[in-house]
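# Geometric and topological summary
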Amino acid sequence: MSRLPALGAEDTPDAAHALFERIRKAAGKLPNAYAVIGSYSPATLGLMLDGDAVLAQGQLSKPDIEAIRIAVSSLNGCDYCVAAHSLVGKLAGLQPDTLRQLRAGEATGDARRDALVTFVRTVAGTQGTVDAAVLAAVREAGYTPAQIVEALLAVALISFTNLFNRVNDTEIDFPIPN
């Protein structure tokens, strides 16, 4: 059960209402995490949505973005984001076996995407300067500097929602993946 309850419509800041409508239009519903974040900080929710829009217009494919989100969420122990992005990843074309492997931290057999996932898991799971060989491996797999920058943005955005959901213990409103 969420530790920070979503505010009722009458107590939610006016700035959140347009954001909530934007989410409902795009997703068909207002996920619990977004409802709570927007209830307390519409500016934070707006920044998250703007970041997602930047990624959508960038050079990484939607399946790559979702692979990053699933891998980092799994690494961070965020059950909410693992569930949400497993569903979105499926809609983006990731196969069930691939989704399971991403959640488990296993290789998927797609060498290029596996290099990207190894890169982001290393960046998200270590401290200090990332070893040059880690960057070289993702570059050798064919990712451009622009795609690497976007991958880091994807890590930053999902890390925030992972942190929020872990602190909040947000009630999962997506199918739990097998």
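You'll find the structure just up there.
Description of the structure in this document. Keep in mind that this is a model prediction, so the values were computed, not measured.

### Describing the packing of aromatic side chains
Per the stated rule, a full pass over the model turns up one aromatic pair. Relative to Phe-174, the ring of Tyr-80 lies with its centre 5.7 Å away and its plane at 85 degrees, an arrangement referred to as edge-to-face. Of this pair, Tyr-80 sits in helix 5 (residues 79–91) while Phe-174 sits in the segment after helix 9 (145–168), and the two are 94 residues apart along the sequence. For Tyr-80, a relative accessible area of 5% puts it in the buried group. Of note, Lys-29 hangs over the ring of Phe-174, and the distance from its end group to the ring centre comes to 4.0 Å.

### Re the packing of helix 4 (residues 62–76) against helix 7 (residues 111–125)
Look at helix 4 against helix 7: their axes get within 9 Å of each other, and the N-to-C directions meet at 40 degrees. Classified by the angle between their axes, helix 4 and helix 7 sit oblique to one another. Handedness of the helix 4/helix 7 crossing: right-handed. Along its contact with helix 4, which presents Pro-63, Asp-64, Ala-67, Ile-68, Ala-71, Val-72, Ser-74 and Leu-75, the element helix 7 presents Arg-112, Arg-113, Leu-116, Val-117, Val-120, Arg-121, Ala-124 and Gly-125.

### Structural notes on helix 2 (residues 32–40)
Of all nine residues in helix 2, seven are buried; the element is thus mostly enclosed. Among all positions of helix 2, only Ala-33, Tyr-34, Ala-35, Val-36, Ile-37, Gly-38 and Ser-39 are buried.

### With respect to the packing of helix 5 against helix 9
Following both chains from N to C, one finds helix 5 and helix 9 inclined at 130 degrees, their axes separated by 8 Å at the closest point. Classed by the angle they form, the pair helix 5 and helix 9 counts as oblique. Together, Tyr-80, Cys-81 and His-85 of helix 5 and Ile-158, Thr-161, Asn-162 and Asn-165 of helix 9 make up the contact between the two elements. Classifying every residue of the contact of helix 5 with helix 9 by side-chain character gives three nonpolar, four polar and no charged.

### Considering the pattern of salt bridges
Here the structure, examined in full by the defined rule, presents eight salt bridges. When the shortest N-O distance is used, the salt bridge between Asp-64 and Arg-113 registers 2.7 Å. Linking Asp-64 in helix 4 with Arg-113 in helix 7, this pair joins segments that are 49 residues apart in sequence. We note a salt bridge from Glu-66 to Arg-69, for which the minimum N-O separation is 2.7 Å. Taken together, the residues Glu-66 and Arg-69, both in helix 4 and three residues apart, mark about one turn of the helix. The pair formed by Glu-66 and Arg-69 is uniform in burial state, with each residue classed as buried. One continuous salt-bridge network, built from bridges that share partners, spans Asp-52, Lys-62, Glu-66 and Arg-69.

### Re helix 7
Taking 1.5 Å of rise per residue, 15 residues should cover 21 Å, and helix 7 covers 20 Å from first to last C-alpha, within 8% of that figure. The set of residues buried in helix 7 consists of Arg-113, Asp-114, Ala-115, Leu-116, Val-117, Phe-119 and Val-120. Each element contacted by the buried residues of helix 7 is listed here: helix 4, helix 6 (96–104), helix 8 (132–140) and helix 9.

### A few points about the side chain of Arg-113
Judged by relative accessible area, which is 15%, Arg-113 ranks as buried. In this view, Arg-113 contacts Ser-61, Pro-63, Asp-64, Ala-67, Leu-94 and Tyr-143; residues no more than four positions away in its chain are not counted.

About the criteria used
Residues numbered from 1 in each chain as written. Predicted model: local features only at pLDDT ≥ 70, side-chain atom pairs only at ≥ 80, totals over all residues. Heavy atoms only, no water. Phe/Tyr/Trp six-rings, centres within 6.5 Å; stacked < 30°, edge-to-face > 60°. Helix = DSSP H or I, 4+ residues; strand = E, 2+ residues; numbered from the N terminus. Buried < 20%, exposed > 50% of the residue type's maximum accessible area, 1.4 Å probe, protein only. Lys NZ or Arg CZ within 6 Å of the ring centre and 35° of its normal. Axes fitted to C-alpha atoms, helices over the stretch in contact; angles between N-to-C directions. Parallel < 35°, antiparallel > 145°, perpendicular 65-115°, else oblique. Left-handed = near helix turned anticlockwise from the far one by under 90°. Contact = heavy atoms within 4.5 Å. Nonpolar A, V, L, I, M, F, W, Y, C, P; charged D, E, K, R; others polar. Salt bridge = Lys/Arg side-chain N within 4 Å of Asp/Glu carboxyl O. Expected span 1.5 Å × (residues − 1).

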